[in-house]
Amino acid sequence: MKVVQLDLIELCKQNNRKAQLKLYNQYCDGIYSIAKRFVNHTAEAEDVVQESFIKAFSKLHQFKGDVTFGAWLKRIVINKSIDYLKLKKQRLVELEDVHLKVIDTNDNNNWLVDDATTIDNIKEAISQLPDKYKYVLMLFLIEGYDHEEISQVLNITQVASRTQLSRGKLKLQELLKHNNYGERY
């Protein structure tokens, strides 16, 4: 991490309002984008960003510099977004222009879907998943988190993360298959 960045963080730890505003301005747009992917409305995403920065500044003494400040803040905003969704019991925001990454592994655990499946079909199917699968899928597919990171963010084991991802993928495929080949009587 740059020395200038560390100096700015040290000033923030001392409640220097100008330093806090500068740090906020550096990260607010990126953090807002992350929050917006998880919550439904602009105002809600702005609330999550605000709460995330409040928590970050109040917990800044816990920032040890073992990861970048941006990565540390990203984890806070994702946790706040998930907490917000749990509290409000709202649906996850549509994926918009985010593309699902294709996973190829040698254990036949792929993410292939029918060519006729649209991004809208995928968005709708993800919105129908139970929260425990939905959150793991969003963190894995969209945020690019690995199982270790997901386990830390959601406070679950890595085994649970893998299991929920696998089950979520199967449920997602079932929903997509049902939508594409639904009853046609």
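Residues numbered from 1 in each chain as written. Predicted model: local features only at pLDDT ≥ 70, side-chain atom pairs only at ≥ 80, totals over all residues. Heavy atoms only, no water.

### Digging into the environment of Trp72
Phase 1: Position of Trp72 among the secondary structure elements: in helix α4 (residues 69-88).
Phase 2: Sequence separation between Trp72 and Ala56 is 16 residues; the distance between their C-alpha atoms is 8.7 Å.
Phase 3: Every residue in contact with Trp72, bar those within four places of it in the chain, is listed here: Ala56, Lys59, Leu60, Phe63 and Val67. (Helix = DSSP H or I, 4+ residues; strand = E, 2+ residues; numbered from the N terminus. Contact = heavy atoms within 4.5 Å.)

### Some details on unusual backbone geometry
Phase 1: The phi dihedral of Asn15 falls on the positive side, at around 65°, and the residue is not glycine.
Phase 2: On the accessibility criterion, Asn15 (48% relative accessible area) is partly exposed.
Phase 3: One non-glycine residue, Asn155, lies in the positive phi region at around 60°.
Phase 4: Note on placement: Asn155 falls in the loop between α7 (147-154) and α8 (158-180). (Buried < 20%, exposed > 50% of the residue type's maximum accessible area, 1.4 Å probe, protein only.)

### Considerations on the layout of surface pockets
Phase 1: Considering only enclosed or pocket space, the largest pocket measures out at about 390 Å³ in volume.
Phase 2: Ala71, Trp72, Arg75, Ile76 and Gln152 are, among the 16 residues lining the largest pocket, the residues nearest its centre.
Phase 3: Elements represented by at least two residues in the lining of the largest pocket include exactly α4 and α7.
Phase 4: Broken down by element, the lining of the largest pocket gets its largest block of residues, six residues, from α4. (1 Å grid on protein atoms, 1.4 Å probe; cavity = no way out; pocket = protein on both sides within 12 Å on 5 of 7 lines; lining within 4 Å. Points joined across faces, edges and corners; volume = space filled by probe spheres on them.)

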